[in-house]
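Structural overview
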Amino acid sequence: MEVFAIQKNIPMSAQKMREVVRQIQGLPALQAQAILAVVPRKGARFAAKTLDSAIANAEFFKSEWDTAKVQQKVRDLQSQVENTSNHKRRNALNRQLEKYQSFLSSPHQLAPEALRVKAAVAGTATTLKRFQPKARGSAGPILKRRCHIKIILSDE
């Protein structure tokens, strides 16, 4: 099963953030936490915060979802899918159903020791455009870049 966390509008360019998040791709989650704790870059703090959030999401799912409840939810969703004629609603229900079924079929069921960083992505966000006054009445542009981080953890 996969869990993820997204942190948006971080005041740093995506290019600088990508250098940090590339270091943790494919690593076990606990090892990635240790690496980010010693990386001396500003982006490492934001990446560590996002990784901690993803691990907390996994722990929340593990604590809230016991097998009996999830099996009952799967049966309910299957009956709703069969009785729904709206194709958009059916697709949404199928996505929920896949999420619950992947939890049931997962061998570790989101144990923190088994989590691996499946993907760590830094993408561009909106850029704030400001201007600096220059000589003879002209203006020079200042681009304040921002980025989003998405970290996906998997227990497979």
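A brief look at the structure comes next. Per chain, residue numbering runs from 1 following the sequence as it is written. The predicted origin of the model limits local features to residues at a pLDDT of at least 70 and limits the giving and counting of side-chain atom pairs to 80 or more, whereas totals for whole chains, interfaces and linings rest on all residues. As a rule here, side-chain values come from all non-hydrogen atoms in the structure, and water together with hydrogens is ignored.

Think of it this way: any DSSP run of H or I at least four residues long counts as a helix, any run of E at least two long counts as a strand, and we number them from the N terminus. Locating Gln-15 in the fold gives a position in helix α1 (residues 14-21). Under the relative-accessibility criterion, Gln-15 is labelled exposed at 59%. Distance in space between the C-alpha atoms of Gln-15 and Cys-147 is 8.9 Å, their sequence separation being 132 residues. Burial here depends on accessible area, computed with a 1.4 Å probe over protein chains only, as a share of the maximum for the residue type. Under 20% is buried, over 50% is exposed, and the range in between is partly exposed.

The next point concerns the pairing of strand β5 (residues 147-154). Note on strand geometry: in a regular strand, side chains alternate between the two faces of the sheet. For β5, a buried count of six out of eight residues is recorded, marking the element as mostly surrounded by other parts of the structure. The sheet contact formed by strand β1 (residues 2-10) and β5 spans seven bridges and is antiparallel. Among the inter-strand pairings, Glu-2 is bridged to a residue of β5, identified as Ser-154. We treat two strands as partners when DSSP finds at least two bridges between them. Sheet topology note: the strand β2 (residues 116-124)/β5 ladder contains eight bridges and is antiparallel. Bridge pairing in β5 links Thr-124 to Cys-147.

Quick look at the sheet that holds β5 now. Spatially, three strands are ordered β1-β5-β2 in an open sheet, and the strand pairing comes out antiparallel. Every interior strand has two partners, whereas the edge strands, β1 and β2, have only one. Each strand of the sheet is rotated relative to its neighbour by a mean of 10°, with strand direction disregarded. Contacts are residue-level and defined by heavy atoms, with any inter-residue pair within 4.5 Å sufficient. For helices, the fitted axis covers only the stretch in contact; all axes are lines through C-alpha atoms, and the angles between them, taken along N-to-C directions, range from 0 to 180 degrees. Sitting on the sheet, α1 is in contact with β1, β2 and β5, with an inclination near 170° to β2.

Attention shifts here to the nonpolar core. By nonpolar core is meant a set of buried Ala, Val, Leu, Ile, Met, Phe, Trp, Tyr and Cys residues that side-chain atoms within 4.5 Å join together. Among the nonpolar cores identified, the biggest contains 42 residues, and Met-17, Leu-36, Leu-51, Leu-110, Ile-151 and Leu-153 are the most heavily contacted of them. Every element with two or more residues in this core is listed here: β1, α1, α2 (29-38), α3 (42-64), α4 (67-83), α5 (87-105), β2 and β5. Ignoring any residue separated from it by four or fewer positions in sequence, one finds Leu-110 in contact with Met-1, Val-3, Ala-58, Phe-61, Lys-62, Phe-103, Leu-115 and Asp-155.

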